[in-house]
Amino acid sequence: MAATAAAPASPIEVCVKAATGDPETLGDCPFSQRVLLTLEEKKIPYELKLIDLDNKPEWFLKISPEGKVPVFNGGHGKWIFDSDVVTRTIEEKYPEPSLVTPPEYSSVGSKLFPSFVKFLTSKDPNDGSEQALLDELRSLDEHLKEHGPFVNGEKISAVDLSLAPKLFHLQVALDHFKGWKIPENLTYVHSYMKLLFNRESFIKTKPSKEHVIAGWAPKVNA
Ligand SMILES: N[C@@H](CCC(=O)N[C@@H](CS)C(=O)NCC(=O)O)C(=O)O
């Protein structure tokens, strides 16, 4: 734990999604994984609480106003929600190693996830959703070409930890449901994904491909 942080009164706890149909296994929520990646990269010990989102316990509904994960308790009794707020709070309490992304890069790739979801769930091949996703991926590729290998150069930062789980979902779900792959010529995006997915923090917190697919299936088949 970082020497600068006040010791928590009790363990740090994080409520995250349990796997769909497998409540004892870490699930496939990219926002939950983002928080776990932040804790892992900062080497902060924590206790996981797996939440079955299809059968939310009463105690969880009391601490999570919208019934959403992740929810985080920094060890001082107060539960906070939303991965933006949680990761910002972790950064403030545990500033070392710094994961701060410079403001000019903090929105790089921010439209990737909504573009991916739109294309994944689209039933109309001519609605422009594939092209919109390709445009976002190309723009990330250009950024990485100029500034990579991470969004902010040599050092991983918060924006990478937000994008990594989303890119994993994108890769797994689009391949499975649409037989669609990120074009080979987006070489900087491919190298970026390899770099992120091979990190110890990612390997430790990633969901299985089967659970990612099971998580998206109801939205794709809706
Ligand atoms: N903006 C929130 C989004 C969190 C979110 O949408 N979590 C989903 C799981 S990935 C959830 O808990 N959904 C509630 C449900 O499925 O009942 C964040 O960044 O934390």
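Values in this document were obtained by computation on a predicted structure and should not be read as measured data.

**Observations concerning the pairing of strand 1 (residues 13–19)**
- The element strand 1 is extensively covered by neighbouring structure, given that 6 of its 7 residues are classed as buried.
- Where strand 1 meets strand 3 (residues 47–51), 5 bridges bridge the pair, whose relative direction is parallel. By the bridge assignment, C15 is partnered in strand 3 with K49.
- Note that strand 1 and strand 4 (residues 71–73) share 3 bridges and pair antiparallel. Along strand 4, the bridge assignment pairs V14 with F72.

**With respect to the packing of helix 6 (residues 158–178) against helix 7 (residues 187–197)**
- Relative to each other, helix 6 and helix 7 sit at 105°, their axes nearing to 10 Å. Taken together, the axes of helix 6 and helix 7 are roughly perpendicular relative to one another. The residues of helix 7 that touch helix 6, namely those facing D160, A164, L167, F168 and Q171, are M193, L196 and F197.
- Its residues placed into classes, the contact of helix 6 with helix 7 shows 6 nonpolar, 1 polar and 1 charged.

**Description of the UniProt feature "domain: GST N-terminal" (unreviewed entry) in the chain**
- Those residues carrying the UniProt feature "domain: GST N-terminal" (unreviewed entry) are residues 19–98 in this numbering.
- The straight-line gap between the two end C-alpha atoms of residues 19–98 is 30 Å; of that span, 36% is helix and 21% is strand.

**A look at the packing of helix 1 (residues 30–41) against helix 3 (residues 83–93)**
- Following both chains from N to C, one finds helix 1 and helix 3 inclined at 5°, their axes separated by 10 Å at the closest point. Considering their axes alone, helix 1 and helix 3 lie roughly parallel with respect to each other. Contacts between helix 1 and helix 3 involve F31, R34, V35, T38 and L39 on the former and, on the latter, S83, V86, T87 and I90.
- A per-class count over the contact of helix 1 with helix 3 returns 5 nonpolar, 3 polar and 1 charged.

**A few points about the nonpolar core**
- Grouped together as the largest cluster of nonpolar side chains are 48 residues, with contacts concentrated most on V16 and A164.
- A per-element tally of this core places helix 6 first, with 10 residues.
- Counting residues domain by domain, this core receives three or more from each of domain 1 (13–93) and domain 2 (103–220).
- Ignoring sequence-local partners within four residues, the contact set of V16 consists of L26, G27, C29, S32, L36, L48, L50, I51, V69 and P70.

**Some thoughts on unusual backbone geometry**
- Each neighbour pair has its own omega, and for E96 with P97 the value is -15°, a cis peptide bond.
- Topologically, P97 is positioned in the loop between helix 3 and helix 4 (112–121).
- One non-glycine residue, K43, adopts positive backbone phi at about 55°.
- Of note, K43 is situated in the loop between helix 1 and strand 3.
- Owing to 12 C-beta atoms within 10 Å, K43 belongs among the exposed residues under this scheme.

Analysis parameters
Residues numbered from 1 in each chain as written. Predicted model: local features only at pLDDT ≥ 70, side-chain atom pairs only at ≥ 80, totals over all residues. Buried ≥ 20, exposed ≤ 12 C-beta atoms within 10 Å, placed from the backbone. Helix = DSSP H or I, 4+ residues; strand = E, 2+ residues; numbered from the N terminus. Pairing = 2+ DSSP bridges. Axes fitted to C-alpha atoms, helices over the stretch in contact; angles between N-to-C directions. Parallel < 35°, antiparallel > 145°, perpendicular 65-115°, else oblique. Contact = placed C-beta atoms within 7 Å. Nonpolar A, V, L, I, M, F, W, Y, C, P; charged D, E, K, R; others polar. UniProt positions renumbered as here; feature names shortened; annotations may be inferred. Core = buried A, V, L, I, M, F, W, Y, C linked by C-beta atoms within 7 Å. Domains from an automatic or database assignment.

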